[in-house]
Amino acid sequence: MVRTPGRLVLTDQRLAFKPMMFGENAGPFKIAFGLTNAVSGLDDHYLALVDITGVEAMNGSALMAVHLQTGGTRHYLVLRRRIGPVFSQKHAPYRDNAVQRISAAIDALRK
């Protein structure tokens, strides 16, 4: 399992994970600019919604599982803030919102 912080972005076609940049390329403007430009790119961080069979909230307050047609599963921790205990109950509403929005996007694409 890879433990990389970043942003999870839902588009009308993809679920995109953009890892945070560290080092000399880091900075708020650079991170935001990189995020908006990266959504059009394709690699293993960008899941097509048609490849997702389902998404569910897992045990624990922040864990979400994205099930793929290949039979694999990707896990994401959805946090309300970057700083704080990972398994805080305060993350659960944010995780549940992500599950609901991703599920709705998958359903809309299949209609």
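Criteria and thresholds
- Residues numbered from 1 in each chain as written.
- Predicted model: local features only at pLDDT ≥ 70, side-chain atom pairs only at ≥ 80, totals over all residues.
- Heavy atoms only, no water.
- Core = buried A, V, L, I, M, F, W, Y, C linked by side-chain atoms within 4.5 Å.
- Buried < 20%, exposed > 50% of the residue type's maximum accessible area, 1.4 Å probe, protein only.
- Helix = DSSP H or I, 4+ residues; strand = E, 2+ residues; numbered from the N terminus.
- Contact = heavy atoms within 4.5 Å.
- Pairing = 2+ DSSP bridges.
- Phe/Tyr/Trp six-rings, centres within 6.5 Å; stacked < 30°, edge-to-face > 60°.
- Axes fitted to C-alpha atoms, helices over the stretch in contact; angles between N-to-C directions.
- Polar contact = N/O pair within 3.5 Å; in protein donor to acceptor, adjacent residues only side chain to side chain.

### As for the nonpolar core
- Core analysis: the largest hydrophobic core is formed by 16 residues, its most contacted members being Leu15, Leu47, Ile52, Met64 and Val66.
- Among the secondary structure elements, those contributing two or more residues to this core are strand S2 (14–19), strand S4 (52–57), strand S5 (63–68) and helix H2 (92–110).
- Residue contributions to this core peak at five residues, all from H2.

### Side note on the side chain of arginine 95
- Locating arginine 95 in the fold gives a position in helix H2.
- What makes arginine 95 buried here is its relative accessible area of 8%.
- Not counting residues up to four positions away in its chain, the partners in contact with arginine 95 are Ala57, Met58, Gly60, Ser61, Ala62, Leu63, Met64 and Val78.

### Digging into the pairing of S2
- Note that strand S1 (residues 6–10) and S2 share five bridges and pair antiparallel. Residue pairing across strands places leucine 10 opposite leucine 15, the latter belonging to S2.
- Between S1 and S2, which pair antiparallel and follow one another directly, the connecting turn spans three residues.
- Where S2 lies against strand S3 (residues 46–48), three bridges are found, and the strand directions are antiparallel.

### Some words on the packing of aromatic side chains
- What the rule picks out here adds up to one aromatic pair.
- For the ring pair phenylalanine 17 and tyrosine 76, a centre distance of 6.2 Å and an interplane angle of 45 degrees mean the geometry is tilted. One end of the pair, phenylalanine 17, is in strand S2; the other, tyrosine 76, is in strand S6 (residues 73–77), and 59 residues separate them in sequence. The exposure classification of phenylalanine 17 matches that of tyrosine 76, with both residues buried.

### Some thoughts on the sheet that holds S2
- Strand order in the open sheet made by the three strands is S1-S2-S3, with antiparallel pairing throughout. Whereas interior strands pair on both sides, the edge strands pair on one side only; in this sheet they are S1 and S3. Strand-to-strand twist of the sheet, defined as the mean angle between neighbouring strand axes without regard to direction, takes the value 10 degrees.

### Some points on the environment of aspartate 96
- On the secondary structure map, aspartate 96 appears in helix H2.
- The partly exposed category is assigned to aspartate 96, whose relative accessible area is 36%.
- With 34 residues separating them in the primary sequence, aspartate 96 and alanine 62 have C-alpha atoms 8.7 Å apart.
- At 2.8 Å, the side chain of aspartate 96 and the side chain of arginine 95 are in polar contact.

Coordinates in, geometry out; function isn't part of it.
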